[in-house]
Structures are given as structure tokens and as C-alpha cells.
Amino acid sequence: MAADWLGSLVSINCGPTLGVYQGEVSSVDQSSQTISLRQPFHNGVKCPVPEVTFSAIDIKDLKILDFRNDNSRTTSAAPAKVTSAPVAVPKGDPRSVEKLNSPQHCSKSYGERHLDIPGQPKGFRRRHNSWSASNRGVNQVTPKKNGVKNGQMKQRDDECFGDGVDDYLDTDFDFEGNLALFDKAAVFSEIDISERRNGVRSRGTPQEQTPTRYRHDENILEAKPVVYRQITVPQPGAKEYCTDSGLVVPSITYELHKRLLSVAERHGLSLERRLEMTGVCASQMALTLLGGPNRFTPKNLHQHPTVALLCGPHVQGAQGISCGRHLANHEVEVVLFLPNFVKMHDAVTSEVTLFNKTGGKQVSSIKDLPDTPVDLIINCLDCHENTFLMDQPWYWAAADWANQNRAPVLSLDPPASGQGQAVEAKWSLSLCLPLPLAEGAGRVYLCDIGIPRQVFQEVGIKYHSPFGCKFVIPLHSA
């Protein structure tokens with residue numbers, strides 16, 4: 001009895017662990033309850049071994065795909081060609097295998113066998129390729145593009161194109177009729193009623209809807225209104241400035257500026273600290289004006305920028321010398337002009353000593369300054385208190401050289417507009433809070449020298465830092 005099934009094509013489901021095997025039955029052993037398949041396929045992939053043996057305890061389900069008896073084939077006049085090509089069986093889903101695989105059903109196409117499944121409604125049709133079988137005969141073979149002859153048939157052609165189910169696709173779908181069945185207003189009304197009942201905020205009008213996408217500069221969280229006047233002074237100056245973000249920065253008088261620095265020095269912010277902080281901020285701004293990272297690269301060593309530093313014998317001159325020291329440390333050729341004086345401020349003397357250690361050039365005569373235009377001139381000639389320096393010959397000689405050199409000028413801590421300025425600047429850098437500068441000061445910048453907020457409060461200034469993430473910010477006339 002077992003020999004009758006030799007040569008048949010079967011599908012053996014061994015559960016989700018072992019999977020599904022397909023192949024031709026080569027032997028059946030009733031005593032050991034085993035069955036062997038030759039040329040097996042495992043889950044649709046050909047096995048590397050020629051034969052696989054299964055035990056009855058591992059077999060969950062066995063289906064006969066094609067009944068072929070070896071005895072009948074050997075005596076037949078026209079033996080059928082045996083193929084072990086696998087039938088498409090979904091991986092791990094034995095229910096999708098066709099249950100009607102008896103010999104009397106072998107000649108039927110896949111569509112015919114599908115329609116004969118018990119319990120399946122007769123009116124059920126599965127959509128296939130739009131190339132309908134009604135346009136050709138049942139046994140008509142699909143022409144092959146690779147040169148296969150027209151009478152040669154393969155099993156997959158009959159499986160895919162052998163069912164005439166496209167006859168039911170001739171009726172067009174009525175989109176307008178189905179769309180008319182959808183009452184949009186009623187559906188949205190039900191949604192609104194459900195949202196109000198559940199306490200969910202209604203969508204509202206399009207103007208009241210919360211945007212689903214935000215720009216890169218918009219905050220998702222609702223914030224308080226922005227206060228742009230965060231700095232108030234007891235004695236406002238003649239001008240007001242504003243930052244790039246719109247914050248108002250009022251100017252202060254020189255008397256309030258002097259008192260602020262005095263209180264800061266009493267709390268520990270000494271003059272030396274102020275000089276160092278001012279020098280760092282001014283040098284950073286100067287390096288940016290000179291080209292920044294585009295110029296200061298290892299491949300550009302043959303074009304070191306040249307900066308002329310014009311300083312007087314006062315605190316503003318010491319700030320300029322500190323800036324020149326930092327510039328010289330960044331491979332900038334600095335030429336320091338400082339007239340010879342019998343007695344100078346102690347801060348100037350100490351800064352000159354440090355500057356000379358950088359290898360920078362110091363001159364005391366206008367004749368020793370460069371004849372050709374330099375890259376930048378930093379003006380520190382003016383003083384807030386000693387206005388008599390403007391009457392000295394060296395002052396006017398240095399101012400005339402700066403105006404004739406045609407190089408852009410950066411004024412460091414310039415005086416208020418009441419005092420005259422002999423050198424017209426393109427940029428001016430003020431400290432902590434600006435003074436009301438004259439029109440010849442150019443574009444105004446502000447640097448942070450590290451004065452704490454409580455120090456501002458002691459002199460009657462309500463202060464919130466306008467610098468953000470920077471130490472030097474531009475100011476615009478309000």
C-alpha cells in the first residue's frame with residue numbers, strides 16, 4: 001500500500017520550527033513510521049542534501065500535491081515529465097496550502113480548485129492580473145520572451161493566468177455615487193460633539209488652530225511676552241541703542257560710568273582685570289575684522305596682517321597695549337606707537353613690559369610708523385579726563401598719520417560726544433554700557449568686562465545682560 005505513493009509530490013508541514021518541506025516521495029517505512037523525500041525544497045528553497053527523512057512525530061500535516069505512482073509511470077506509453085519544482089507555500093502558514101490535492105483535481109487550475117473549496121461562497125472571486133483569461137482559451141499558453149516555443153507549457157503559467165475571473169471587473173466603480181453617501185458635515189459635527197463631551201479642546205476655526213509645524217525660531221511652549229527694555233539707568237544719557245535681538249541698551253553719563261567702575265574695583269574687579277578683559281574682547285573683535293578664520297590659517301603664513309596701535313600715557317592707552325599683546329600672540333604684526341614720557345601710569349608701564357616680550361615693534365616717533373597702508377589702526381589716543389593731551393604736537397601728528405593712511409580705524413573706549421575726536425573711526429568699542437558717542441564714532445560695539453549684576457544695582461542701574469552667548473555685540477541707534 002505504501003509503495004503506491006512513491007513518486008508522488010507532497011508537502012509536509014513540520015510546524016513553525018522546522019517549516020514546510022516539498023518534494024517527491026522516495027520511500028515510506030511503515031515499521032519505523034518514516035517518509036523520505038528526494039530533491040526536497042525547504043520553505044521554497046532547494047535543500048543542499050539530495051534526500052530528507054521525516055519521522056511521524058515531527059509531521060504536523062501532509063498534503064499530496066501531485067499523485068504519481070512509480071509503477072504506472074514505468075508501464076505508461078507516454079510517461080509524464082516529473083518535476084520537483086516547489087509550489088508556492090507561505091512560510092509558516094500551512095492553512096494557505098490547498099486542501100484538495102487528490103489525483104482527480106490535478107488537472108484543474110488554481111482558480112478552479114480555489115472555487116471548489118468547501119464552505120467558500122460561489123460568488124467569491126479573487127482579483128488576478130488584468131490580462132483576463134476570457135481573452136484566450138483555457139489551454140492557451142503564455143508566450144515566453146526568452147524564445148520558448150508556443151506549445152510548451154509550464155505549471156506556473158496555468159496557476160497564474162488560468163482563471164477567468166476578470167469578467168467581473170468590467171463594471172466601473174461609481175465614485176460619485178459613493179462620495180454622495182458620505183455626509184462630511186454630519187461626520188465633523190459628531191467629532192466636535194464627542195470632543196466637547198470628552199473635554200478635548202475643539203479644533204476651532206482655521207485661524208484658531210494650533211500649528212502642527214513650527215519654524216526653527218518658534219518656541220513650542222507658550223512664553224511670556226518679551227520685555228525689550230531690561231536695562232534702566234537713573235541718569236539716562238543722550239542716546240539709546242538696541243541690539244540685534246531688539247533689546248534696548250541706554251547710554252550713561254561718564255560720571256555714572258566712572259562710579260560704576262569704582263564700585264566694581266572696590267568689590268575686587270581690579271584695574272588689571274579690567275585691562276585684561278578689555279584687551280581680550282578688543283583683540284577678538286580685531287581678529288574678526290582682519291579676516292577671522294579665512295585669513296588666519298597655516299596655509300596663509302606669508303600674509304600676516306599688520307596692525308598699528310596708537311596709544312597715549314593713560315588707562316585707555318594701557319587697554320590698547322593689552323589688546324596689542326593678544327594680537328601679537330596670534331601672529332599679527334603689531335606696531336605700537338607710544339610717545340616718550342618721563343612718568344606714565346603704572347598700568348601702562350606694566351603693559352609695555354609684557355608687550356615687549358611678544359616681539360612686537362614699539363616706536364615713539366611718527367616717522368617710524370609704516371609708510372604703506374596697514375590692515376587696521378587701533379586708536380587709543382583719547383582720554384576721558386585729560387583733554388589737554390589734544391594740544392600736544394605728538395597727538396596731532398599721530399592723528400594726521402591715521403587719517404592719511406587710508407586704513408580702517410577701530411577706536412577703543414572712545415570719549416563721549418562732548419569731546420572732540422581728531423581721528424574718524426569706522427568702528428568704536430565701548431565697555432559695559434555705552435557713552436553717548438558722536439557721529440564720527442562709526443558703528444558702535446559693546447563688550448562685556450565682567451561686572452556683576454549686583455554692582456550695577458548698587459549704582460542704581462537695573463541690569464540684565466544683553467550679550468547672550470557673546471562677549472562683543474553690535475549696537476544700533478534706536
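Residues numbered from 1 in each chain as written. Predicted model: local features only at pLDDT ≥ 70, side-chain atom pairs only at ≥ 80, totals over all residues. Heavy atoms only, no water.

(A) Representation of the overall build of the chain within the structure. When its secondary structure is counted, the chain shows 12 helices and 16 strands. Evaluated residue by residue, the chain yields a buried proportion of 39% over its 478 residues. In the chain, the share of contacts with a sequence separation of at least 24, taken over all contacts with a separation of at least 6, comes to 60%. Total accessible area on the chain is roughly 28800 Å²; 53% of this is exposed by carbon and sulfur atoms. (Helix = DSSP H or I, 4+ residues; strand = E, 2+ residues; numbered from the N terminus. Buried < 20%, exposed > 50% of the residue type's maximum accessible area, 1.4 Å probe, protein only. Contact = heavy atoms within 4.5 Å. Areas by Shrake-Rupley, 256 points an atom, 1.4 Å probe, with all protein chains shown as cover.)

(B) Local environment of the nonpolar core. Leu327, Ile378, Leu429, Leu433, Ile451 and Ile461 are the most contacted members of the largest nonpolar core, which totals 64 residues. Here this core takes 7 residues from helix α8 (residues 271-289), the largest share from any one element. With sequence-adjacent residues up to four places away left out, Leu327 is seen in contact with Ser283, Ala286, Leu287, Val307, Val332, Val334 and Ile378. One finds Leu369, Leu381, Cys383 and Tyr395 within the second-largest nonpolar core, a separate group that totals 23 residues. (Core = buried A, V, L, I, M, F, W, Y, C linked by side-chain atoms within 4.5 Å.)

(C) Representation of the side chain of Ser26 in the model. Mapped onto the elements of the fold, Ser26 is located in strand β2 (residues 20-29). Taking relative accessible area as the criterion, Ser26 reaches 17% and is therefore assigned buried. Excluding residues within four positions of it along the chain, Ser26 makes contact with Leu6, Ser36, Leu37, Arg38 and Glu51.

(D) Up close: the packing of aromatic side chains. Overall, the coordinates contain 5 aromatic pairs when judged by the stated rule. Judged by centre distance (6.2 Å) and plane angle (75 degrees), the ring pair of Trp394 and Tyr395 falls under edge-to-face. Neither Trp394 nor Tyr395 differs from the other in exposure class; each is buried. With a centroid separation of 3.9 Å and an interplanar angle of 5 degrees, the aromatic rings of Phe456 and Tyr463 are classed as stacked. By the burial criterion, Phe456 is buried, and Tyr463 matches it. These aromatic residues form a ring-pair network of at least three members: Phe341, Trp394, Tyr395 and Trp396. (Phe/Tyr/Trp six-rings, centres within 6.5 Å; stacked < 30°, edge-to-face > 60°.)

(E) Seen up close, the pattern of salt bridges. Scanning all chains against the criterion turns up 10 salt bridges. Glu276 is the partner of Arg325 in a salt bridge, and the nearest nitrogen-oxygen pair spans 2.8 Å. Of this pair, Arg325 sits in helix α9 (residues 315-329) while Glu276 sits in helix α8, placing them 49 residues apart in sequence. Put simply, Arg325 and Glu351 hold a salt bridge, and the shortest N to O gap is 3.5 Å. (Salt bridge = Lys/Arg side-chain N within 4 Å of Asp/Glu carboxyl O.)

(F) Seen up close, the packing of α8 against α9. Closest axis-to-axis distance for the α8/α9 pair is 7 Å, and the angle between their directions is 55 degrees. Looking at the two axes, α8 sits oblique to α9. Between α8 and α9 the crossing geometry is right-handed. Residues Leu271, Leu275, Glu276, Thr278, Gly279, Val280, Ala282, Ser283, Ala286 and Leu287 of α8 touch α9, and the partners they reach there are Val315, Ala318, Gln319, Ser322, Cys323, Arg325, His326 and Leu327. Grouping the constituent residues of the contact of α8 with α9 by class yields 10 nonpolar, 6 polar and 2 charged. (Axes fitted to C-alpha atoms, helices over the stretch in contact; angles between N-to-C directions. Parallel < 35°, antiparallel > 145°, perpendicular 65-115°, else oblique. Left-handed = near helix turned anticlockwise from the far one by under 90°. Nonpolar A, V, L, I, M, F, W, Y, C, P; charged D, E, K, R; others polar.)

(G) Quick peek at a nonpolar patch on the surface. On the surface, Leu179, Phe182, Val187, Phe188 and Ile191 cluster together into a nonpolar patch covering about 430 Å² of accessible area. No other element matches the 3 residues that helix α6 (residues 184-197) contributes to the nonpolar patch. (Patch = residues over 30% accessible without salt bridge, like charges linked within 9 Å, V, L, I, M, F, W, Y side chains within 5 Å.)

(H) Local environment of α8. The terminal C-alpha atoms of α8, which comprises 19 residues, lie 27 Å apart, in line with the 27 Å expected from a rise of 1.5 Å per residue. Among all positions of α8, only Leu271, Arg274, Leu275, Thr278, Gly279, Cys281, Ala282, Ser283, Met285, Ala286 and Leu287 are buried. Just downstream of α8, Gly291 is the residue with a positive phi angle, here 130 degrees. (Expected span 1.5 Å × (residues − 1).)

(I) Representation of the packing of α9 against helix α10 (residues 346-356). Between α9 and α10, the least distance of the axes is 9 Å, while the angle of their chain directions is 15 degrees. Our classification of the angle between α9 and α10 gives roughly parallel. Pair α9 / α10 crosses with left-handed handedness. Two secondary-structure elements touch here, α9 through Ala318, Ile321, Ser322, Gly324 and Arg325 and α10 through Ala347, Val348, Glu351, Val352, Leu354 and Phe355. Looking at side-chain class alone, the contact of α9 with α10 contains 7 nonpolar, 2 polar and 2 charged residues.

(J) Representation of the side chain of Asp413 within the structure. By the secondary structure assignment, Asp413 is in the loop between β13 (409-412) and β14 (427-431). Lacking a salt bridge, the buried Asp413 has Arg274 as its closest oppositely charged neighbour, with an N-O distance of 7.5 Å. Reaching out from Asp413, the side chain makes a polar contact with the side chain of His384 at a distance of 3.2 Å. Residues within four places of Asp413 in sequence aside, it is in contact with Gln316, Gln319, His384, Leu429 and Leu431. (Lys, Arg positive; Asp, Glu negative; His and termini not counted. Polar contact = N/O pair within 3.5 Å; in protein donor to acceptor, adjacent residues only side chain to side chain.)

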